[in-house]
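Fold and geometry: a report
Residues per chain are reported as follows:
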Amino acid sequence: MDIKTLAAAVRAHYEALVKARGDAGATSTELALIAGALLVGAGLLVAAVRSKLAEKIGIISGG
């Protein structure tokens, strides 16, 4: 999943919540969900970079 897409989805969800109930601030559950989504996105990014790096190292060493 693309990080920009994930960030846009989280932002749209949060803005919809704020508009629906007024600006009452974020609850701890919402903040936990946002933090969890960001951690999952970061994990996917790390996995993608590691796999691409492993691929490049294999090409360089002739494997």
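This write-up is about the structure you can find in this document.

Conventions and cut-offs
Residues numbered from 1 in each chain as written. Predicted model: local features only at pLDDT ≥ 70, side-chain atom pairs only at ≥ 80, totals over all residues. Heavy atoms only, no water. Helix = DSSP H or I, 4+ residues; strand = E, 2+ residues; numbered from the N terminus. Buried < 20%, exposed > 50% of the residue type's maximum accessible area, 1.4 Å probe, protein only. Areas by Shrake-Rupley, 256 points an atom, 1.4 Å probe, with all protein chains shown as cover. Salt bridge = Lys/Arg side-chain N within 4 Å of Asp/Glu carboxyl O. Polar contact = N/O pair within 3.5 Å; in protein donor to acceptor, adjacent residues only side chain to side chain. Patch = residues over 30% accessible without salt bridge, like charges linked within 9 Å, V, L, I, M, F, W, Y side chains within 5 Å.

Check the secondary structure of the chain and you find two helices and zero strands. The buried share among the 63 residues of the chain stands at 6%. In the form shown here, the chain has an accessible surface area of approximately 5000 Å², with 69% of it arising from carbon and sulfur atoms.

Here the structure, examined in full by the defined rule, presents one salt bridge. A salt bridge links Lys52 to Glu55; the nearest nitrogen and oxygen atoms lie 3.9 Å apart. One end of the pair, Lys52, and the other, Glu55, are both in helix α2 (residues 28-60), three residues apart, so they sit about a helical turn from each other. Exposure remark for Lys52: the relative accessible area of 45% places this residue in the partly exposed category. Relative accessible area serves as the criterion here: at 43%, Glu55 is assigned to the partly exposed category.

Moving on, we come to the side chain of Glu30. The residue Glu30 is located in helix α2 in this model. For Glu30, a relative accessible area of 14% translates into the label buried. Within the structure, Glu30 has its side chain in polar contact with the backbone nitrogen of Thr27 (distance 3.1 Å).

A cluster of nonpolar residues, Ile3, Leu45 and Val49, forms a patch on the protein surface that exposes about 250 Å² of accessible area. Under the relative-accessibility criterion, Ile3 is labelled partly exposed at 37%.

Shape is all these values report; function is a separate question.
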